[in-house]
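One letter stands for each residue in the lines below.
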There are 2 protein chains.
Amino acid sequence: MFEMNTTETYNQLLKSIREIAHFGATRSLLSWDQETYMPSRGATSRAEQLAAMSGLIHERITSDSIRKLLDDLGADSELGPEAVTNIRETRKQHDRATRVPRDLVTEMARTSSLASEAWKKARAEEDFESFAPWLEKTFELKRRYADCIGYQTEAYDALLDEFEPDASGEWISSLFDPLREALGPLVASIVESDVTPLDLTQFTYDIETQKELSRAILKAIGFEFEAGRLDIAAHPFCSGINVDDVRLTSRYEENDFTGALYSAMHEGGHGLYEQGFNRDHAYTPMASSISLGVHESQSRFWENMIGRSQPFCHLLYPELQKRFPEACQHFDIESLYKAINKVAPSFIRVESDEITYNLHVILRFEIEREVLAGHLPVLKIPDAWNEKMESALGILPSKPSLGALQDVHWSFGLIGYFPTYTLGNIYSAHLNQALRNDHPQLDDEIRKGSFATPLKWMRENVYRHGMRYKPVELIERACGQPISPSPLVEYLKNKFEPIYQK
Amino acid sequence: MFEMNTTETYNQLLKSIREIAHFGATRSLLSWDQETYMPSRGATSRAEQLAAMSGLIHERITSDSIRKLLDDLGADSELGPEAVTNIRETRKQHDRATRVPRDLVTEMARTSSLASEAWKKARAEEDFESFAPWLEKTFELKRRYADCIGYQTEAYDALLDEFEPDASGEWISSLFDPLREALGPLVASIVESDVTPLDLTQFTYDIETQKELSRAILKAIGFEFEAGRLDIAAHPFCSGINVDDVRLTSRYEENDFTGALYSAMHEGGHGLYEQGFNRDHAYTPMASSISLGVHESQSRFWENMIGRSQPFCHLLYPELQKRFPEACQHFDIESLYKAINKVAPSFIRVESDEITYNLHVILRFEIEREVLAGHLPVLKIPDAWNEKMESALGILPSKPSLGALQDVHWSFGLIGYFPTYTLGNIYSAHLNQALRNDHPQLDDEIRKGSFATPLKWMRENVYRHGMRYKPVELIERACGQPISPSPLVEYLKNKFEPIYQK
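For clarity, every value in this text was computed on a predicted model and none was experimentally measured.

### Details of the overall build of chain A
The number of helices and strands found in chain A is 21 helices and three strands. Here the C-alpha radius of gyration of chain A, 23 Å, is about what a compact globule of 502 residues would show, namely 23 Å. Along the first, second and third principal axes, the C-alpha set of chain A runs to 70 × 50 × 50 Å. The burial tally for chain A puts 57% of its 502 residues in the buried class. Here the analysis covers contacts within chain A between residues at least 6 apart in sequence; of these, 74% occur between residues at least 24 apart. When the accessible surface of chain A is split by element, carbon and sulfur atoms take 48% of a total near 20800 Å². For chain A, the separation between the mean place of its 54 positive charges and that of its 76 negative charges on side chains is 3 Å.

Written out as C-alpha cells, the structure is:
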C-alpha cells in the first residue's frame, strides 16, 4: 500500500512539474521571439507577458499543493534515481522560490531593469561613477538575496549555486588560481613570438552563402533541424524550448565568416546538449541542463575543440573553396588554422581568444567576489580592474567601456555568473581528454566529416543525464579523474605552442 | 465611500482581466509560431503548451475571485461606458466558462482533435460515411454545449453567440434568404455572358518581388510594420497578439501574384482592425474585436471593395509594370480589373468569387442549422449539399472532397461559424456605402494611392469601439440604417453587371 501511495504522489508531482515546464517553455518562446521576430512596438506588451508568465511560474512552484506533495514524498528513494532527481530538483526550486520574499524579488527585477538602462548610458558616456550607485544597490540586494537563500561560507556561494549547483567561491579559486599562473607565461611567450596570423576580414564572404555554410556545418555535427532552427539575432544565443524545439541564433557580417560560423558552432554546442536530453523524461529536471558551466562546456567543446582544430580545418577548407573561391585564393589550410586561432591580449572579453578569455573571466570572478564580501568598494572597481588587467595581460584600458563597463551582466544582477564561462572551459578540456582517450582515431573521423563519435560520447556521458548528477560528479564520472585546470592548460599548450612556434 | 469602493473593485477586476489578456496573447504567439517557424518535431510539445495555457486561462476566468469582483460590481454603470463594456464582456466570458462542465470541455477538445484527423482521412479517401460518426458526435456534443450555455429559440443561437454576439438563426435567415434570391439571377446572367476574363496564371511572377509588392501595398493602406509582420504560412491568417503586435501570413506561388496579394490585403484588413483598437484600453474587451462578422467585414472591405476596385487597378497596374514588366505586356488596366473579378460557379468555397462565395456560405449555414436541430441526419448531408449546390450554382460535385468534405470547420466543432463570413460581406457593404456617402471623392484618392480616408473612417466608426457595441448596433450606428442584404446586392450588381456587359 505504501509504495502505491508514493507512486501516486510522485505522479501528481510530475503532473505539476510538467505543467510548470510547459509554462517555462512558453516563456522561452516569448523571449526567443522578442530577440528574433517581434515588431519593435511589441516590446512594452512583451515585458508584461513575460512578467505575467514569471509571476505564474513563481505562483505554481511555491504553491501549497507542491509543498504538500514534496513533504509527502520526503527523501524516499524507492522510486528510482530519475524520480529522486526530479523530486530533489523540484524541492530545490520550491525552497529557493519560497525563501525569497516577494518584495525582494520585485525590487531586484525593478533594479535590474533600471540599472541596465543606467549601465547603457554610463558606458556611452564613459562615466563609471554614474553607474556606481546602481551597482552598489545591485550588490546590496544580492547580499540580502543570498541571506534569504542561505550559505555556509560566503554569500557568493548562494549566488553561484543558482548557476553552478554546489560550487563555492573557494573551490573556484582553487581552480582559477593555478590556471591564471599557468596561462601567464603562455600568453607572454605568444606576445613575444613573431608569428602573425593572416587577417581573414580583409576578404568578403556573401552572407547568404555564410548562412548556408553554418547550416551545413550544424547539420554535419548532428544538430537536428527537424527539432530546431537557426535564425538571426543581435546577440547570438541558444534557446532550448524543449528537447524537440531548440533554437539557435547567429549574426552575419560580410567580411567575417568566422564570426558567424563559430557563433553557430558555439550555439550549436548548446543546442546539441538540449537536443540530447532523454525524451522519456521530457518536461522534468531529468531532461534539463544541470548548470551553466556544463552547458558552456558543450558550446566551447564544439566551437573550439572541434571547430578550431586542425582536422576540422582540413574539412572546412574545401567547403570554403566551394563557397568563397575568391577569398580562398589568399589562404591555405595552414594559414586558415592559424588565422582562426589568433591569440593576443585585448580589452574586450567577447572578442578575446581561447587563452586570454579565461584571464578576463578570472578577473571578473575575483572582483565580484571581493565586492560582494564587502572587501572592495564599488567605486574602486575600475582601479582593481586596471591593475588586474595590466598584471594578467599587460595592457591598460584607456576608458571604462574597454574596462569595467564593457559587460551587461552585473547591471542585470548576474553575480556569480561569470566564472561558469571558464568552468565550462575546464570541464570541456576534461571531456575532450577522456573522449580522445576512448577514441584515438577521432581526428581522422573529423577530417572525413564524421562527428558521430563525439556526439554519441557526449550524449552517453553528459546529455542524457539531465540534472541527475551535480556538475562535479557528472564530469568526474565521465572522465574518471578529479576536476583540475590541468587538462585545459595542457590542451592550450599543446595547441598554441606549435602555432606560435615554441 | 461607495464610489471609491466601486472604482477600487473595478481596478482589481481590470488587473485580473489584463493578466488573462497577457496569457491570451502568449497563447496566440504559441499558435502563430506553430504555423510559421516551429520545427516539425515541436508539434507534440506545442500541443501540451497550448493545452496548459488554455487550462490556465479557463482557471483564471472561472476563478472565485473574478466571480466575487463581478458580483460586487453588479450592473453598476457609474464608471462610464468603457468600464461597463469591460465588466459586461468579462461577466459573459465568466458565465460561459462556468456553465460548461469541465468533462464536456475535455470531450469536445478530444473529439475535435480526433474528428479532424478522421476528416483528413475521409477527405483523402472520398469517404463521407467514415467521417459521419465523428460528425454526429460533434453535433451531439455541440447540442449538449448549447444546452449548458442556454438559448431562447434554438440551440444554434447559443453556438452563434460565441462568434457573433446576439445573432440568431432566424435573424440570419432573414438576411440570407433574400440575398440568395437576389444573387441567383445575377450568377445566371454572368454564366450566360460571353465575357471571358484573362487567365493571369499563364504568366510568372518572381516570388521575392511578390513579397515586396504585398509589403508595399500593406504599407500603403496603413498597416504598420513597426507593430506587425508579414510571414509565410500554408493557410493565410491574421494573429492579433495585441494592438502593437499584429501578425499576418500569406503564401506565394510563382504563377499567381493575385493569390498572394489578395491574401495579404484580406489579412491586412483584419490587421488594420487589430491595430486600430484604442491603445488606452489595451488588454481589455474595449480593445478586442466584437465578432467574427465585424472582423470579416474588414478583411472583405480591404480585399474586395478597395483591392479589387477599378481605381485600385489604376494604382496597381504601374506597380506591376515596374515589378513584372514581362507579364504586363500581356494585359492592361481594364483586363487586369476583369481578371481579378472573374465570376464562375465552382465547387470549392475558398477558391470562389465575390458573388458565389455567399451562396457557398448560405448552403453551409442552412445545412448545419438543420442538422443541429435534428431535422437533417448527418448521413443525408451529402444529398442535401448536392441538391443545394445544383439549385444555387447549377453544378453537382462529383466527389465528397468537392462537396461536404471540403472544409475543416465542422470537424473542429466550429458550428455557427460559417455564416459570419457572409455577415461580414453584408456588414462591409453597409460600411462601404456609408463611407462613400461621406466621401464621394474616395475613388480619386485611391487612384492616387491615398488610403487615409477609409482607414480614418473605419477607425472612427468601427475599430476604436472594440467590444463596446454589439455588431448590429455598431454597424447601424456607423451607417445610420438597419442591416439588410440590399447594400451588398446593390454593390455586387453595380460592380459585376458592367464587367459582364449587362
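### What to know about helix α2 (residues 43–61) of chain A
Residue and element names in this part refer to chain A. Between its first and last C-alpha, α2 extends 27 Å over 19 residues, near the 27 Å set by a 1.5 Å rise per residue. Taken together, the buried positions of α2 are S45, R46, Q49, L50, A52, M53, L56, I57, R60 and I61. For α2, the arc enclosing every buried residue in end-on projection is 160 degrees, short of the 170-degree limit, so these residues lie on one face.

### A look at unusual backbone geometry
Located in the positive-phi region is Y283(A), a residue other than glycine, with phi close to 70 degrees. In this fold, Y283(A) is placed in the loop between α10 (257–275) and α11 (292–306).

### A short note on the interface of chain B and chain A
How big an interface is tends to be stated in terms of the accessible area lost upon association of its parts. With 37 residues of chain B in contact, the opposing surface of chain A contributes 37 residues. Summed over the three residues of chain B that lose the most area to chain A, namely Y37(B), P39(B) and R41(B), the buried surface amounts to 21% of that side. Inspection of the region where chain B meets chain A yields 10 salt bridges. Residue D245(A) pairs with R46(B) through a salt bridge whose shortest N-O separation is 3.5 Å.

### Some thoughts on the relation of the copies chain B and chain A
Superposing chain B onto chain A requires a rotation of 180 degrees together with a translation of 0.0 Å along the rotation axis, leaving an RMSD of 0.0 Å. On the angle and the small slide along the axis, the relation comes out as a two-fold axis. Residues of chain B ranked by C-alpha distance from the rotation axis are headed by T26(B), positioned 3.8 Å from it. Here 100% of the contact residues of chain B are again contact residues in chain A; the copies associate through an equivalent surface.

### Topic: the side chain of E164(A)
Residue and element names in this part refer to chain A. Tracing the chain through its elements places E164 in the loop between α7 (155–163) and α8 (169–192). Put simply, E164 is tucked away with no salt bridge, and the nearest opposite charge, on K92, sits 9.9 Å away. At 2.7 Å, the side chain of E164 forms a polar contact with the backbone nitrogen of G293. Not counting the four nearest positions on each side in its chain, E164 is found in contact with S291, L292, G293, V294, T420, L423, Y427 and P471.

### Some remarks on the packing of aromatic side chains
Per the counting criterion, the structure on display carries 42 aromatic pairs over all chains. With a centroid separation of 6.3 Å and 55 degrees between ring planes, the pair formed by F418(A) and Y421(A) is classed as tilted. Take F418(A): its relative accessible area is 1%, and that puts it in the buried class. On the numbers, 6.0 Å between centres and 85 degrees between planes, the contact of W410(B) with F418(B) is edge-to-face. Like W410(B), the residue F418(B) is buried in the burial classification. Three or more aromatic residues joined by ring pairs form one cluster here, namely F139(A), F163(A), Y357(A), W385(A), W410(A), Y417(A), F418(A) and Y421(A).

### Topic: the sheet that holds strand β1 (residues 228–232) of chain B
Residue and element names in this part refer to chain B. In spatial order, the strands read β1-β3-β2; together these three strands make up an open sheet with mixed pairing. One side of each edge strand has no neighbouring strand; the edge strands of this open sheet are β1 and β2 (238–242). Strand-to-strand, the axes of this sheet are offset by a mean angle of 20 degrees, without reference to chain direction. Alignment of β1 against strand β3 (residues 245–250), held across five bridges, turns out to be parallel. The residue of β3 that forms the bridge with I232 is S250.

### Overview of helix α12 (residues 310–323) of chain B
Residues and elements named next belong to chain B. The first and last C-alpha atoms of α12 sit 20 Å apart over 14 residues, in line with the 20 Å expected at 1.5 Å per residue. At L316, α12 shows its largest bend, some 30 degrees, and a proline, P318, comes one to four positions later. Its buried side turned inward, α12 meets α9 (207–221), α10 (257–275), α11 (292–306), α13 (325–328), α14 (333–339) and α18 (442–447). Between the side-chain oxygen at the start of α12 and the backbone nitrogen of F312 there is a gap of 3.3 Å, and the oxygen is on S309.

### Considering the sheet that holds strand β1 (residues 228–232) of chain A
Strand pairing within a sheet occurs via backbone hydrogen bonds; the two strands may be parallel or antiparallel. Residues and elements named next belong to chain A. Reading across the sheet, the three strands line up as β1-β3-β2 and stay open at both edges, with mixed pairing between neighbours. Looking at which strands have only one partner, the edges of the open sheet turn out to be β1 and β2 (238–242). In this sheet, neighbouring strand axes are inclined to one another by 20 degrees on average, regardless of whether the strands run parallel or antiparallel. In the packing of α10 onto the sheet, contacts are made with β1, β2 and β3 (245–250), and the angle to β3 comes to roughly 165 degrees.

### Looking at the nonpolar core
Counting residues in hydrophobic clusters, the biggest one holds 130 residues, and the most contacted among them are F312(B), F331(B), L336(B) and I381(B). Residues contacting L336(B), with those up to four places away along its chain left out, are L200(B), F257(B), C313(B), L316(B), Y317(B), L320(B) and F331(B). Judged by nonpolar contacts, the second largest core, of 129 residues, contains F131(A), L175(A), I190(A) and L376(A).

### Remarks on the state of the cysteines
In this structure the tally under the stated criterion is zero disulfides over all chains. No disulfide involves C328(B); its sulfur sits 12 Å from the nearest other cysteine sulfur, which is in C313(B).

### Some points on the environment of Q34(A)
Residue and element names in this part refer to chain A. Structurally, Q34 is set in helix α1 (residues 2–36). When its relative accessible area of 29% is taken as the criterion, Q34 is described as partly exposed. Sequence spacing of Q34 and D177 is 143 residues, and the spatial spacing of their C-alpha atoms is 39 Å. Each residue touching Q34, except ones within four places of it in the same chain, is listed here: R46 and L50.

### Points about the environment of A52(B)
Residue and element names in this part refer to chain B. Within the secondary structure layout, A52 lies in helix α2 (residues 43–61). On the accessibility criterion, A52 (10% relative accessible area) is buried. Through-space distance from the C-alpha of A52 to that of V371 is 33 Å; in sequence the pair is 319 residues apart.

### A closer look at the pattern of salt bridges
A full pass over the atoms with the stated rule returns 83 salt bridges over all chains. For the salt bridge of E107(A) with R144(A), the shortest nitrogen-to-oxygen distance reads 3.8 Å. You can see E107(A) sitting in helix α5 (residues 102–124) and its partner R144(A) sitting in helix α6 (residues 128–149), a full 37 residues away along the chain. Between E89(B) and R88(B) there is a salt bridge, and its shortest N-O distance comes to 2.9 Å. Judged by its relative accessible area of 3%, E89(B) is buried. Note on R88(B): relative accessible area 30%, which makes it partly exposed. Three or more residues are tied together by salt bridges with common partners; here these are E19(A), E59(A), R60(A), E19(B), E59(B) and R60(B).

### Points about the environment of K495(A)
Structurally, K495(A) can be placed in helix α21 (residues 486–499). Not counting chain neighbours up to four residues away, the residues in contact with K495(A) comprise N304(A), R308(A), Y337(A), N341(A) and E354(A).

### Points about the confidence of the model for chain A
Mean pLDDT over chain A stands at 96; residues scoring 70 or higher make up 99%. Note on the complex model: pTM 0.95, ipTM 0.94.

### Thoughts on the pairing of β3(A)
Residue and element names in this part refer to chain A. In terms of residue burial, β3 counts as a mostly covered element, since six of its six residues are buried. Burial along β3 is two-sided: the face carrying D245, R247 and T249 and the face carrying V246, L248 and S250 are both buried. Two elements, β2 and β3, share four bridges in a ladder whose sense is antiparallel. Across the sheet, residue S239 finds its bridge partner in β3, namely R247. Linkage of β2 to β3, two consecutive antiparallel strands, is achieved through a turn of two residues.

Cut-offs applied
- Residues numbered from 1 in each chain as written.
- Chains lettered and ligands numbered in written order.
- Predicted model: local features only at pLDDT ≥ 70, side-chain atom pairs only at ≥ 80, totals over all residues.
- Heavy atoms only, no water.
- Helix = DSSP H or I, 4+ residues; strand = E, 2+ residues; numbered from the N terminus.
- Rg over C-alpha atoms; globule rule 2.2 N^0.38 Å.
- Buried < 20%, exposed > 50% of the residue type's maximum accessible area, 1.4 Å probe, protein only.
- Contact = heavy atoms within 4.5 Å.
- Areas by Shrake-Rupley, 256 points an atom, 1.4 Å probe, with all protein chains shown as cover.
- Lys, Arg positive; Asp, Glu negative; His and termini not counted.
- Charge placed at Lys NZ, Arg CZ, Asp CG, Glu CD.
- Expected span 1.5 Å × (residues − 1).
- Arc of directions from axis to C-beta.
- Buried area = accessible area lost by both parts, 1.4 Å probe.
- Salt bridge = Lys/Arg side-chain N within 4 Å of Asp/Glu carboxyl O.
- Least-squares fit on C-alpha atoms with pLDDT ≥ 70 in both.
- Polar contact = N/O pair within 3.5 Å; in protein donor to acceptor, adjacent residues only side chain to side chain.
- Phe/Tyr/Trp six-rings, centres within 6.5 Å; stacked < 30°, edge-to-face > 60°.
- Pairing = 2+ DSSP bridges.
- Axes fitted to C-alpha atoms, helices over the stretch in contact; angles between N-to-C directions.
- Bend = angle between axes of the 7 residues up to and from the residue.
- Core = buried A, V, L, I, M, F, W, Y, C linked by side-chain atoms within 4.5 Å.
- Disulfide = S-S within 2.5 Å.
- pLDDT = per-residue confidence, 0-100.

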